[in-house]
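Remarks on the overall topology
Spelled out, the chains give:
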Amino acid sequence: MTEIKQGDIVLQARGITKRYPGLVANDHIDFEIRAGEIHAILGENGAGKTTLMSILFGLTHPDEGEIYVFGKKVNFRSPLDAIDLGIGMVHQARKLISAHTVLENILLGHPHAGAILDMKKTAEEVKQLCDAYGYKIDLNAKVWHLSEGEKQMVEILKALYRGAKILIMDEPTSALAPPETEKLLETIQLMTKNELAIVPFITHKLPIVLSVSQRVTVLRRGKIVARLNTAEATEQSLAMEMIGREVLFNLKRPDVKIGKPILQVENISVHDDKDYWAARNISFEVREGEIFGIAGVSGNGQQPLAEALAGLRKASAGRVLFENKDITRLSSLERWKKGIGYIPSEQRAVGSIGDFSLVENLLMSYYYDDQFVKWGLIDAKKIRQLTQELIEEYNVATPNPDVKARNLSGGNLQKMILARVFSRKPRLIIANLPTQGLDVGAMEFVQNKLLEEKKAGAGILLISEDLDEIMALSDRIAPMYEGEFMDILPGGSAQRETVGALMAGHKQKAVQA
Amino acid sequence: MWEFWIRSLNASTIFAIAGLGEVVGQRAGVMNVGVEGAMLFGATIGFIVAKTTGSYLLGFLAGIAIGALIGLLHAFFTITLHGDQVVNGMGIWILGFGLTTYIGSPYAGPLGMGRIPTIGGLSPFFFAALVLTFVIWFVLFKTHWGLKIRSVGENPTVAEVSGINVVRTRYWSVIFSGAMMGLAGAVYALDYNPVWSYNLLMGWGFIALALVFFSMWNPYILLSGAVLFGALWQVSLNPESFLPNIFSRYIWRTFPFVITIIILVIMSTHWFSSRWGAAKPEALGLPYEKD
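Residues numbered from 1 in each chain as written. Chains lettered and ligands numbered in written order. Predicted model: local features only at pLDDT ≥ 70, side-chain atom pairs only at ≥ 80, totals over all residues. Heavy atoms only, no water.

A few words now on the overall build of chain A. Along chain A, the regular secondary structure elements total 18 helices and 23 strands. In terms of overall size, chain A behaves like a compact globule, its C-alpha atoms giving a radius of gyration of 25 Å where 513 residues would be expected to give roughly 24 Å. The principal-axis extents of the C-alpha atoms in chain A amount to approximately 75 × 55 × 45 Å. Every one of the 513 residues in chain A was classed for burial, and the buried ones make up 57%. For chain A, the share of sequence-separated contacts (at least 6 apart) that also reach a separation of at least 24 residues comes to 69%. Of the roughly 23,100 Å² of accessible surface on chain A, 49% is carried by carbon and sulfur atoms. (Helix = DSSP H or I, 4+ residues; strand = E, 2+ residues; numbered from the N terminus. Rg over C-alpha atoms; globule rule 2.2 N^0.38 Å. Buried < 20%, exposed > 50% of the residue type's maximum accessible area, 1.4 Å probe, protein only. Contact = heavy atoms within 4.5 Å. Areas by Shrake-Rupley, 256 points an atom, 1.4 Å probe, with all protein chains shown as cover.)

Right under this line is the structure:
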């Protein structure tokens, strides 16, 4: 390998295209990465970032297109090929073995590791890397003892120790505390001085991108929509490029009289699975005939909040009132019976049981109903008939109601879940990412159904990452960022740029704009 | 008393060899609950080969070979075909139990060869077990091979992106694991008690299996556990001469399992895991499928 100088092209992608059924994840992507630059790739969830990243790291094969590394055309069969060519990857969900020590993780699979591990020599070499970038880390500590920032250090060290010249980082700042973020930015800037190319993939925290990167490429719906020098870009312009300007929806929002409050949430706080604060001190209400939209990038606390309201997670503090009655301590079943319907974001893991038929899946919302289950015996005929009716009403494409849920496509399964929830005539619907991963047709169907429910007077809490959807459907919009509502805006008059900036965490600037 | 300890250590030799094999397999993420079955194969085939050829060496080699073959079978079903490890392990036990009874019956009776010389009453295999314990500990914790084995047992996905061939690593670990079980069985039938009879192992394979959980997957703890379980077994043979009128022998025989359950309960507490982490290989029992 010849000596690399600052500014040399180290990686080039030409016409990268990857299609999945019903979706073009990457549509003729072209870009190049130069030595010594930080080149951010920006895009919302579903913009095709993950696919592109997998292709660059050899996890996925592109259908079309060519990749050149250091001027040579390459064809990755596995990540190992990419690693050998000097591409390192820092994953968002850390790819480390938590029971092993830092050093063992760094050494695992290293081509120069001898049969008997020379821990002393490795430790010295890794120490040198640490010193070069000002890392302080106990190399003999077990990984499960480390903080998120330290784990990221280990991943970076592992890639560098393997000789990476191009470092791909997936949401590098997402799990870091502010001081750790600063440290990271400092380090990657140092690395660029050593001819390394850094390619962070980012959805949110735009100011961070602006502060360190030299160039930005923006992806939207699988295409590159902008290539900018960071000096020319502003947060606002990037947010606009990311979200897109075109109005994709042509929904008729019915005129519905907004009635009295159905759901009142008072100062609720929720912890996530790791016992961290996920949502803090949130208060709002949802009224009859109203769609209350929570806009935010996934991982900002929407999921735990929705689960707390549905009774699937304990609220750490605060109160929830449903039709003026305190339901904070009620179980999820008691909440369903009172008239709360929950559409979970994970269709297959939470919304349905894959090995059960559609009839059995429907039964999960009816087993407590005397009309369908008497003396513990299921009225099979009746529930089957209801399934049949709902399949027709909701246009679920299935040969018969005995098909297993796992065999339904995402769109059809979501229709079935909607049918199950809505047929119970809920007064309040909590819809968590109801159109995520659906094709345009199914998406429109789901949105129209939500509007129908609104017309029928139900209150709807809509949680979505899709700004277009939130803007088109909501009567009021709450942008959520790091577990808090940034504001609550009226849906009709809110500017999409304002909402976009708020959900990216820019309180001040958004208010001025 | 001396005699008691000699017998205990000789018994613990067999627990330790089989247990060490199982540790290697489980460290790689593959559990084989059919230790008893693999040992029965090793014992019976080893016994028959030694008896017909008159050669101890051939007998032990045959025991090791049949054990490795059982390991290969287990690897094929659980790694290649993604079968359930526990179910397949039970299958190996049942197969071993039935088939070895059928094959071994015509050879029932004493081996009829000169006994393997002892060192002060101790079987040479006891010293072999000591060496094996050290070697396996060294390989697991000091070599790249061992790091790979432990990595595919903890998190095969991470191992894969680090460039490790998960399938190959697991295969060799499970085959080695089976070979050790075969050897343990052969040691029982050729050295410890050179008589073939129906159900000759009396559940020793299950004690070895329990020992692995007891050991928290550490070869040294496993060795000491083997000595403890060996002593408990000797007590159970003749409880009246040690602690008269306390427990029947059958109660004594449950002790290795009772102790193991207690250890497992302690291991699962928050108190334990917040200090020492999860001792259990994280991916143990889970088939690995590339996405």
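This part is about the interface of chain B and chain A. Chain B puts 24 residues into the contact, and the matching count from chain A is 22 residues. For the interface between chain B and chain A, the tally reads 1 salt bridge. We note a salt bridge from glutamate 104 of chain A to arginine 150 of chain B, for which the minimum N-O separation is 2.8 Å. There are 5 residue pairs in polar contact (both at pLDDT 80 or more) connecting chain B and chain A. When residues of the side of chain B that touches chain A are traced back to their parent elements, those giving at least two are α5 (124-142), α6 (144-154), α7 (156-161) and α13 (270-276) of chain B. (Salt bridge = Lys/Arg side-chain N within 4 Å of Asp/Glu carboxyl O. Polar contact = N/O pair within 3.5 Å; in protein donor to acceptor, adjacent residues only side chain to side chain.)

Quick look at the pairing of strand β16 (residues 340-343) of chain A now. All names here are of chain A. By the alternation rule, side chains of β16 split into Ile340 and Tyr342 and Gly341 and Ile343, which are all buried. The pairing of β16 with strand β19 (residues 428-432) spans 4 bridges and is parallel. The residue bridging isoleucine 340 from the neighbouring strand is leucine 428, located in β19. (Pairing = 2+ DSSP bridges.)

Okay, helix α12 (residues 249-267) of chain B next. All names here are of chain B. End to end, α12 covers 28 Å across 19 residues, agreeing with the expected 27 Å (1.5 Å per residue, within 8%). Roughly 35° is the biggest bend found in α12, and it falls at phenylalanine 255, with proline proline 256 one to four residues downstream. All of the buried residues in α12 are Trp252, Pro256, Thr260 and Met267. Buried residues belonging to α12 abut α9 (204-214), α10 (219-237), α11 (239-242) and α13. (Expected span 1.5 Å × (residues − 1). Bend = angle between axes of the 7 residues up to and from the residue.)

Counting 115 residues, the largest nonpolar core has Ile156, Leu167 and Met191 of chain A together with Phe60 of chain B as the members making the most contacts within it. Leucine 167 of chain A has contacts with Gly88, Val90, Ile156, Ala159, Met191, Ala197, Ile198 and Val199 of chain A, leaving out every residue within four places of it along the chain. Leu390, Ile417, Phe422 and Met486 of chain A belong to the second-largest nonpolar core, a separate cluster that totals 50 residues. (Core = buried A, V, L, I, M, F, W, Y, C linked by side-chain atoms within 4.5 Å.)

Turning to α5 of chain B, a few remarks are in order. All names here are of chain B. Between its first and last C-alpha atoms α5 spans 27 Å; for 19 residues at 1.5 Å apiece the expected length is 27 Å, and the two agree. Within α5, burial applies to Phe125, Phe126, Ala129, Thr133, Ile136 and Leu140. Considered in projection along α5, the buried side chains sweep an arc of 100° and stay on one side of the axis. Contact partners of the buried residues in α5: α1 (2-27), α3 (56-80), α6, α8 (166-192) and α10. For α5, the side-chain oxygen to backbone nitrogen distance between the N-cap and phenylalanine 125 is 2.9 Å, and the N-cap itself is serine 123. (Arc of directions from axis to C-beta.)

What follows concerns the packing of aromatic side chains. Throughout the structure, instances matching the rule amount to 25 aromatic pairs over all chains. Between phenylalanine 4 of chain B and tryptophan 5 of chain B, the aromatic rings sit 5.2 Å apart at their centres with planes inclined by 75°, giving edge-to-face as the arrangement. With a centroid separation of 5.5 Å and 80° between ring planes, the pair formed by phenylalanine 126 of chain B and phenylalanine 127 of chain B is classed as edge-to-face. Linked through ring pairs, Phe15, Tyr188, Tyr192, Trp204 and Trp233 of chain B together constitute an aromatic cluster. Above the face of the tyrosine 366 of chain A ring, arginine 424 of chain A is positioned so that its terminal group lies 4.5 Å from the ring centre. Of note, arginine 7 of chain B hangs over the ring of tyrosine 192 of chain B, and the distance from its end group to the ring centre comes to 4.8 Å. (Phe/Tyr/Trp six-rings, centres within 6.5 Å; stacked < 30°, edge-to-face > 60°. Lys NZ or Arg CZ within 6 Å of the ring centre and 35° of its normal.)

This part is about empty space enclosed by the protein. Inspection of every chain in the model, using the stated rule, returns 6 cavities of 30 Å³ or more. What the largest cavity holds in volume is close to 190 Å³. Together, 14 residues line the largest cavity, and Ile83, Met89, Lys158 and Ala159 of chain A together with Val161 of chain B are the ones closest to its centre. Put simply, the parts of the chain that give the lining of the largest cavity at least two residues each are β6 (87-90) and α5 (148-161) of chain A. (1 Å grid on protein atoms, 1.4 Å probe; cavity = no way out; pocket = protein on both sides within 12 Å on 5 of 7 lines; lining within 4 Å. Points joined across faces, edges and corners; volume = space filled by probe spheres on them.)

The next point concerns the sheet that holds strand β14 (residues 315-322) of chain A. Residue and element names in this part refer to chain A. Here we have 4 strands laid out as an open sheet, ordered β12-β11-β14-β15, and antiparallel in their pairing. Edge positions in the sheet fall to β12 (277-287) and β15 (325-326), since each of these pairs with one other strand and no more. One ladder, built from 7 bridges, connects strand β11 (residues 261-271) with β12; its direction is antiparallel. When the bridges of β12 are listed, valine 270 appears paired with alanine 279. Strands in contact with helix α9 (residues 302-310) are β11, β12 and β14; relative to β11, the strand with the most contacts, it is inclined by about 125°. (Axes fitted to C-alpha atoms, helices over the stretch in contact; angles between N-to-C directions.)

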